[in-house]
4 protein chains.
Amino acid sequence: MISFESDYNNGCHEAILKRLIETNNECATGYGLDDYCTAAKEKIRLACGKPDADVFFLVGGTQTNATVIDAMLQSYQGVLAVETGHINVHESGAIEFGGHKVLTLPSHDGKMDSGELAQWLHDFYADPTYDHMVFPGIVYITQATEMGSVYSRAELQAISDICHRYELPLFIDGARLGYGLMAQGSDVSLEQLADLCDVFYIGGTKCGAYCGEAVVFPHHNAPAHFFTIVKQHGALMAKGRLLGIQFDTLMQDGLYFTLAGHAVQQAMRLRDAFVRKGYKMYSDSPTNQQFVLLDKATVERLEKDFVFEQWYPVGDMMNCRFVTSWATRPEDVDALIAAL
Amino acid sequence: MISFESDYNNGCHEAILKRLIETNNECATGYGLDDYCTAAKEKIRLACGKPDADVFFLVGGTQTNATVIDAMLQSYQGVLAVETGHINVHESGAIEFGGHKVLTLPSHDGKMDSGELAQWLHDFYADPTYDHMVFPGIVYITQATEMGSVYSRAELQAISDICHRYELPLFIDGARLGYGLMAQGSDVSLEQLADLCDVFYIGGTKCGAYCGEAVVFPHHNAPAHFFTIVKQHGALMAKGRLLGIQFDTLMQDGLYFTLAGHAVQQAMRLRDAFVRKGYKMYSDSPTNQQFVLLDKATVERLEKDFVFEQWYPVGDMMNCRFVTSWATRPEDVDALIAAL
Amino acid sequence: MISFESDYNNGCHEAILKRLIETNNECATGYGLDDYCTAAKEKIRLACGKPDADVFFLVGGTQTNATVIDAMLQSYQGVLAVETGHINVHESGAIEFGGHKVLTLPSHDGKMDSGELAQWLHDFYADPTYDHMVFPGIVYITQATEMGSVYSRAELQAISDICHRYELPLFIDGARLGYGLMAQGSDVSLEQLADLCDVFYIGGTKCGAYCGEAVVFPHHNAPAHFFTIVKQHGALMAKGRLLGIQFDTLMQDGLYFTLAGHAVQQAMRLRDAFVRKGYKMYSDSPTNQQFVLLDKATVERLEKDFVFEQWYPVGDMMNCRFVTSWATRPEDVDALIAAL
Amino acid sequence: MISFESDYNNGCHEAILKRLIETNNECATGYGLDDYCTAAKEKIRLACGKPDADVFFLVGGTQTNATVIDAMLQSYQGVLAVETGHINVHESGAIEFGGHKVLTLPSHDGKMDSGELAQWLHDFYADPTYDHMVFPGIVYITQATEMGSVYSRAELQAISDICHRYELPLFIDGARLGYGLMAQGSDVSLEQLADLCDVFYIGGTKCGAYCGEAVVFPHHNAPAHFFTIVKQHGALMAKGRLLGIQFDTLMQDGLYFTLAGHAVQQAMRLRDAFVRKGYKMYSDSPTNQQFVLLDKATVERLEKDFVFEQWYPVGDMMNCRFVTSWATRPEDVDALIAAL
């Protein structure tokens, strides 16, 4: 069986494994205070062009979203997100567990529309009863989104401008940041993204690491005692070196981008094949997640040799997701294309 | 420098590393539904003598404590623990973040006294105003404790009996369970411990793994939808195989116990040497943590070659902690003994 | 100025005031354990035809909603409500403060559609990823709704049936229960309503009292230690007699229903006049809240002598709310009708 | 039966009742935006000598404590209080429900010792692991305390100074503020108290009102959107006028102080009689709560005609509480004295 099921069902990239082996017998201080974390943070600051950025390593995405959002909000505030946002759907209420409401906007292929955001904020403050409502306190978007789409630089700029106007921090969930930055046609660099937001993270789990998300406050703007907040959320790894070593490796010589670029390239090959062979794409994704409508017979045929997710029916067809990753071999894609 | 700083500043045991290397290129389902987790759970059930036990893998100790306690408590209940309990001191309020009070009893070298527990519960229900107070909902103890001490079988039995009488579940924090079970003179087996409590965990992070704690509900008594509660707490690892592989290795051929036994053996050598050479032990620990009172000159002398923690001053002396682990080499202990 | 602004801007009904005067010098135990509360509870049980009902008195609506919902939910569950539900809009996130998500369904004039509820629940459990989502744990509806509409007996029965099928408790917010029960054409009695749900409350604040909401668990099914949960939510009144006296008075000889019936009667007079004079009603409300579309000139003219709320613009018109209450005098309605 | 059970088992002072009657038929805006609230706030500012103070009216004490503390704390902070503090014992975990730990200091007759506070804070920041602990975020004391004692001006000044040194706000729970200010020998005026703290409240429930606590941020230092936080906590009364009218009456011509002074005077008569007749006082309280040790026979004898609380046994004796209030008649005290 060849798997296109997700970007988190392989182990870790071999360069990481190699570093883990090399460093295994060394002693290191716990809780992220070790030299590997220090080195990884420095490489991240450099890659972002933000020498003063505050960087923290957490273990997984849901945990990171909850910790960052709790840390940035006041108790009476909620987080603005699109309806399909990961925090609104697939985090078992982790945001509400922290006491905050997810305030939803429509999703456009997973993306927030800056015009709708502006309108929402205008309407909120125009409502004479807003003192009885949940205040917006942060804007949450995802790059790339859960639907495989990406924000253009202009779109990010527009959202960022509105956030500034209302003094709302902008938080970019980067669980798939690598694929977003290396997306076909992307015009947003890591440095530009760091410029435009107040906090984001560089996803490791889905981009080559075994685990780990690097939270970046680009403007030396981490909330006071963020370390303690991480601990309070159960998100502080005792052997923090495990995260430090992974990110130090991923950030060395642009490995993170190379891996993501490879995955996107394979996804584009797949998309082109789908289109060429007359399949209808559910959405036009420039990243490592491809959504295609397949009829029942095709699904059953492909299932024999390939693993992929069936998201939900669309009329008579099934919206199927094929995901590539750093671990996807060109010959796997060849095999799938041949089978179409 | 030779480190006796903690039991979590090395990497992982080489057998684990070997398995990680061997399995790295395999594909596995996420979220702990993979074959490695399944195999590890089965080995844990066997080791506990509890074929119906529910087993879950979480990443770290604070996270595990908060998740288990939240899952077991009703909203109006708190957790009974000794004042020095990890949840009461060193978890940044993770329990309170979940809405629950830590109700404290005196600590006796880190242990709860069953008589004091019985008295506390008697007094609580005898107080005519108890409906205005936080109800006790679970009892939390640690084996081995933060102070290196262990409960005897009779002590555990006594606490367990009181819990049953008051219909309170008993939760044993096993972040250092291996060292507790292999403690010098210990008369509690893993199976007996599983019999006496309602939930406990087998600590991986401090006993040979890179990360991971295996939560065991021995009597097939996991709270409904515990998987979702784990996710809600940000404690569900996407690549759950990382935890499964580690525990499957540790539970193979008793490796977990061998590693812990080694650490205890080295700690006993150290303790004997301290005593023999006339140092005063702060407490009489039969596990891998040794607490000894050193004068300033000795501290300064030893600091040149050895890493260890200075906990707090006791009169003119400093209470110093020396910790061994699976990674402690006999020659490291020889060197320290020679330096005393 | 004559006010149609809301049903909570007068004091309390004179019969209540009379009782407060009569009883003022008596001594009574605190926290709702007094004789007035006992008598009021008994009258409520009788009115509901539920001799075993558990009854509690809380102070206000938001507080009551949060306390009841927190008490009925497990930590991983959320509450199903329509988008316009009070808990989703106008309670400043009190539900989320308690850790729970509000899961929303479309609003039909403020009401939940039983078919949409069934579909939502079907889809939830059909989704293979539901273990990563917030579980539905209770259904929340309002009678009468925030939009003045009421559920028919058949509609309540249909929702209740679905709740039973999915083992979900049904909670009816009765902040305006009196107006709902006495609504024009209503076919739901208090006893029938109590039969069909698991918990509801009889709103005092908006129906003649100064404050107070009577929570009823009709089937002797109050959550364990609900008294303590009320205290924990800051909702336990020290001088509980203030609530007991009010409800004992309202439940005496059907006063509660008489007051609500009066308000509805005045609202119907108003509605008929609006319709007769050619105004367009925004909705067809059979209760004490009337929504009518007025042009700017009319709004400005009426504002000189009458107080009412302008909810939001609908095209060129303004959707205006006129509310009657137990305190609305027929001559006030006469005056408004004359001014139309 | 003559009651000395508590200071909240009578109705309200007749002047309040009179105002409620007079104003009952008036219309007023909801949520504390009415003229009575406005007038009451102004009187409170005047009485405190703080023309810029922010004033809010809440319903009860537990609610007020939870709302104020949540509003003032960051998520990683806890509240410092003495072990016997109301928030630590008798609020069913309302503080923890909001996510915060109560950090406890020893109680000295209900009071916090400034030296111990200073030591606690010194030790906290001296602990190298404090980043893993709950940060102190506010200091909570009670005037008068649950044990009837009061802080002198010098004691308040000392605590206030330490708070300033550590940039911790000082919160004074004034559920019994009237009795504290009018305590025998008290040297603290309302204005001085307002000077020394960051937030306090003027308790109505136990000092003549039916309900209501007036929260005062004396230095125009209310947290942003405190109104919304009050609503979120279910503490915003719809008919806020009920609170406004009561405080407007209590603050008129010093009624609040007159009532409290009367209660203290009667308590002093009682205390003198106890002492004169050879009874042993459990503590030396200068306020309206008196604690005296009675033998079993005396308890049984007095119980026939008087209501009072038996707190807990002290050796062979019972520590009994006798409470006076604005409603205590001199002849009631005469009767009790005669019965001794």
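The structure reproduced in this document is the subject of the present report. (Residues numbered from 1 in each chain as written. Chains lettered and ligands numbered in written order. Predicted model: local features only at pLDDT ≥ 70, side-chain atom pairs only at ≥ 80, totals over all residues. Heavy atoms only, no water.)

### Things to note about the pairing of strand β13 (residues 317-323) of chain B
Residues and elements named next belong to chain B. Test applied: Burial status follows relative accessibility: with a 1.4 Å probe on protein chains alone, a residue under 20% of its type maximum counts as buried, one over 50% as exposed, and anything between as partly exposed. The helix count covers DSSP runs of H or I at least four residues long, the strand count covers runs of E at least two residues long, and both are numbered beginning at the N terminus. Strand pairing is assigned whenever DSSP identifies at least 2 bridges connecting the two strands.
Most of β13 is tucked away, with 6 of its 7 residues classed as buried. Across 6 bridges, the pairing between strand β10 (residues 289-294) and β13 is antiparallel. Its bridge partner being in β13, Leu293 is matched across the sheet by Asn319. One ladder, built from 5 bridges, connects strand β12 (residues 309-314) with β13; its direction is antiparallel. From the neighbouring strand, Val314 faces β13, where its bridge partner is Met317. Linking two consecutive strands that pair antiparallel, namely β12 and β13, is a turn of 2 residues; a positive phi of about 60 degrees is found at Gly315 within it.

### Considering the pattern of salt bridges
Going by this rule: Only one rule defines a salt bridge in this text: a Lys or Arg side-chain nitrogen within 4 Å of an Asp or Glu carboxyl oxygen.
Across all of its chains, the model carries 52 salt bridges over all chains by this definition. For Asp248 of chain C, the salt bridge identified is with Lys43 of chain C, shortest N-O distance 2.6 Å. Here Lys43 of chain C lies in helix α2 (residues 35-48) and Asp248 of chain C lies in helix α11 (residues 241-250), a separation of 205 residues in the sequence. One connected set of salt bridges, linked through shared partners, spans Arg19, Lys43 and Asp248 of chain A.

### Quick notes on the interface of chain C and chain D
How big an interface is tends to be expressed through the accessible area that disappears when the partners come together. Quick note on the threshold: Pairs of residues are marked as contacts when any of their non-hydrogen atoms sit within 4.5 Å. By buried area we mean how much accessible surface two parts lose on assembly, using a 1.4 Å probe and totalling the loss over both.
Every contact between the two is made by 45 residues of chain C and, on the other side, 44 residues of chain D. Of the roughly 3,900 Å² buried at the junction of chain C and chain D (both faces included), carbon and sulfur atoms supply 59%. A per-residue breakdown of the area chain C buries against chain D is headed by Phe97, Tyr210 and Lys239 of chain C, which together make up 21% of the total. Across the chain C-chain D interface, the total number found is 0 salt bridges.

### With respect to the relation of the copies chain C and chain D
Threshold: In superposing the copies, a least-squares fit is computed on C-alpha atoms, taking residues whose pLDDT is at least 70 in both.
By a simple turn and slide, chain C fits onto chain D: the slide is 0.0 Å along the axis, the RMSD is 0.0 Å, and the turn is 180 degrees. One copy is carried onto the other by what is essentially a two-fold rotation axis.

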